[in-house]
Amino acid sequence: MDAFQDHYPDAVAHCFGCGRLNAHGHQIKTVWNGDETVTRFTPEPYHTAIPGFVYGGLVASLIDCHSTATAAAAMYRQDGRGLDTLPPFRFVTGSLHVDYLKPTPIDGALEIRGRAVEIKGRKVVVETELRAGGVVTARGTVVAVQMPADFGAAPPAPHR
Ligand SMILES: CCCCCCCCCCCCCC(=O)SCCNC(=O)CCNC(=O)[C@H](O)C(C)(C)COP(=O)(O)OP(=O)(O)OC[C@H]1O[C@@H](n2cnc3c(N)ncnc32)[C@H](O)[C@@H]1OP(=O)(O)O
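What you see is a predicted model; the values in this text were computed from it and never measured.

What counts, and where the lines are drawn
- Residues numbered from 1 in each chain as written.
- Predicted model: local features only at pLDDT ≥ 70, side-chain atom pairs only at ≥ 80, totals over all residues.
- Near = placed C-beta within 6 Å.
- Helix = DSSP H or I, 4+ residues; strand = E, 2+ residues; numbered from the N terminus.
- Nonpolar A, V, L, I, M, F, W, Y, C, P; charged D, E, K, R; others polar.
- pLDDT = per-residue confidence, 0-100.

### A look at the site of the ligand
Piece 1. Surrounding the ligand, one finds 23 residues, the nearest of these being V12, V92, G94, S95 and K123.
Piece 2. Listed by contribution, the elements that provide at least two residues to the shell around the ligand are α1 (56-79), β3 (91-100) and β6 (135-146).
Piece 3. When the residues that make up the shell around the ligand are grouped by side-chain class, the tally is twelve nonpolar, six polar and five charged.

### Things to note about the confidence of the model for the protein chain
Piece 1. Averaged over all residues, the pLDDT of the protein chain equals 94, while 94% of them reach at least 70.
Piece 2. In the predicted complex, the global pTM is 0.94; the interface-specific ipTM is 0.92.

### Topic: unusual backbone geometry
Piece 1. A cis amide bond links L86 with the next residue in sequence, P87, at an omega value of -5 degrees.
Piece 2. Assignment of secondary structure puts P87 in the loop between α1 and β3.
Piece 3. Within the chain, Q27 stands out as a residue other than glycine whose phi angle is a positive 50 degrees.
Piece 4. The topology assignment puts Q27 in the segment before β1 (30-33).

Spelled out as structure tokens, the structure:
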């Protein structure tokens, strides 16, 4: 089955967390499972925080990009549209909240499951859980907002 990220247009497929065109990124892949979305990701030894456990930034990143993908897929589903149809729904993170409930073991696949709990205008709120060995080790809430047409049009001046 195609993942949501396989349908991101090239121009927005370079994200470190989810861009299929970023050779150095996580390249996560997310699919529907009923009303939930699922991503599976196996951490590498270099994703270590404390030996044996996953770096919290990776956990946040997985929850973040899983959730923005879920937001887009939920919007398409609400509209009864395929992921390839125009205009595209692309979401960026407005807010990311993560609760780290337990240390996340690094030896094995992680499962990230999410659900869109609110769709309002350009905003989708997604609740996501990350499991290791079937145990929920982190829980996140993401406010994803449809990317404005002028996103990145006026980057801040570089620091001197
Ligand atoms: C690197 C980027 C790549 C992009 C690729 C994209 C595709 C791949 C995806 C990859 C992504 C990977 C992930 C990444 O790394 S994405 C990169 C990290 N994120 C960003 O850089 C986003 C920067 N921020 C913005 O561009 C704007 O602030 C956005 C677009 C977020 C909102 O500004 P905008 O002026 O457009 O919105 P609005 O004011 O009309 O509000 C609309 C609604 O949203 C609600 N709201 C807004 N902000 C927040 C907040 N902080 N908390 C809670 N709620 C918030 C607001 O209350 C309202 O709701 P309601 O009051 O009506 O109920």
